Amino acid sequence: MDDNCPNVMIVPPNEPVEDIIEDYVAMLEYNIKHGVSVEEVLLMFFEDINTWTAKQMLIDNAKQTLQDLENLHKFENSLFEEIDDED
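One structure accompanies this document, and this report is about it. (Residues numbered from 1 in each chain as written. Predicted model: local features only at pLDDT ≥ 70, side-chain atom pairs only at ≥ 80, totals over all residues. Heavy atoms only, no water.)

Right, let's talk about the pattern of salt bridges for a bit. Summed over the entire model, instances satisfying the criterion amount to one salt bridge. Between Lys74 and Glu70 there is a salt bridge, and its shortest N-O distance comes to 3.3 Å. Of this pair, Lys74 and Glu70 both sit in helix 2 (residues 38–86), separated by four residues, roughly a single helical turn. Among the residues examined, Lys74 registers a relative accessible area of 49% and is labelled partly exposed. (Salt bridge = Lys/Arg side-chain N within 4 Å of Asp/Glu carboxyl O. Helix = DSSP H or I, 4+ residues; strand = E, 2+ residues; numbered from the N terminus. Buried < 20%, exposed > 50% of the residue type's maximum accessible area, 1.4 Å probe, protein only.)

This next bit is on the side chain of Thr53. For Thr53, the location among the structural elements is in helix 2. Overall, Thr53 belongs to the buried group, its relative accessible area being 1%. Polar contacts involving the side chain of Thr53 include one to the main-chain carbonyl oxygen of Ile49, which spans 2.8 Å. (Polar contact = N/O pair within 3.5 Å; in protein donor to acceptor, adjacent residues only side chain to side chain.)

Following both chains from N to C, one finds helix 1 (residues 17–33) and helix 2 inclined at 145 degrees, their axes separated by 10 Å at the closest point. As for the relative orientation of helix 1 and helix 2, their crossing is right-handed in sense. Seen from helix 1, the contacting residues are Tyr24, Met27, Leu28, Asn31 and Ile32; seen from helix 2, they are Val38, Val41, Met44, Phe45, Asp48 and Ile49. Split by residue class, the contact of helix 1 with helix 2 holds nine nonpolar, one polar and one charged. (Axes fitted to C-alpha atoms, helices over the stretch in contact; angles between N-to-C directions. Left-handed = near helix turned anticlockwise from the far one by under 90°. Contact = heavy atoms within 4.5 Å. Nonpolar A, V, L, I, M, F, W, Y, C, P; charged D, E, K, R; others polar.)

This is the structure:
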């Protein structure tokens, strides 16, 4: 587990919670039916959530970084425009 990740599940905004729950219930039922222990199923669930959350955090951070770069570029351009206007 990555210590930089929160111990929460970040729910995708475009996926209804009911669908997520339905998917995990199906996963639980399938694995228990096929002899996988509850402990192993919970570990898989935890790893899945942790991995997805880490990926989502990286995506969100990358989006913010790109937005910051775009804002910096706009600011730099405005400075050059001011210099050009003064000439």
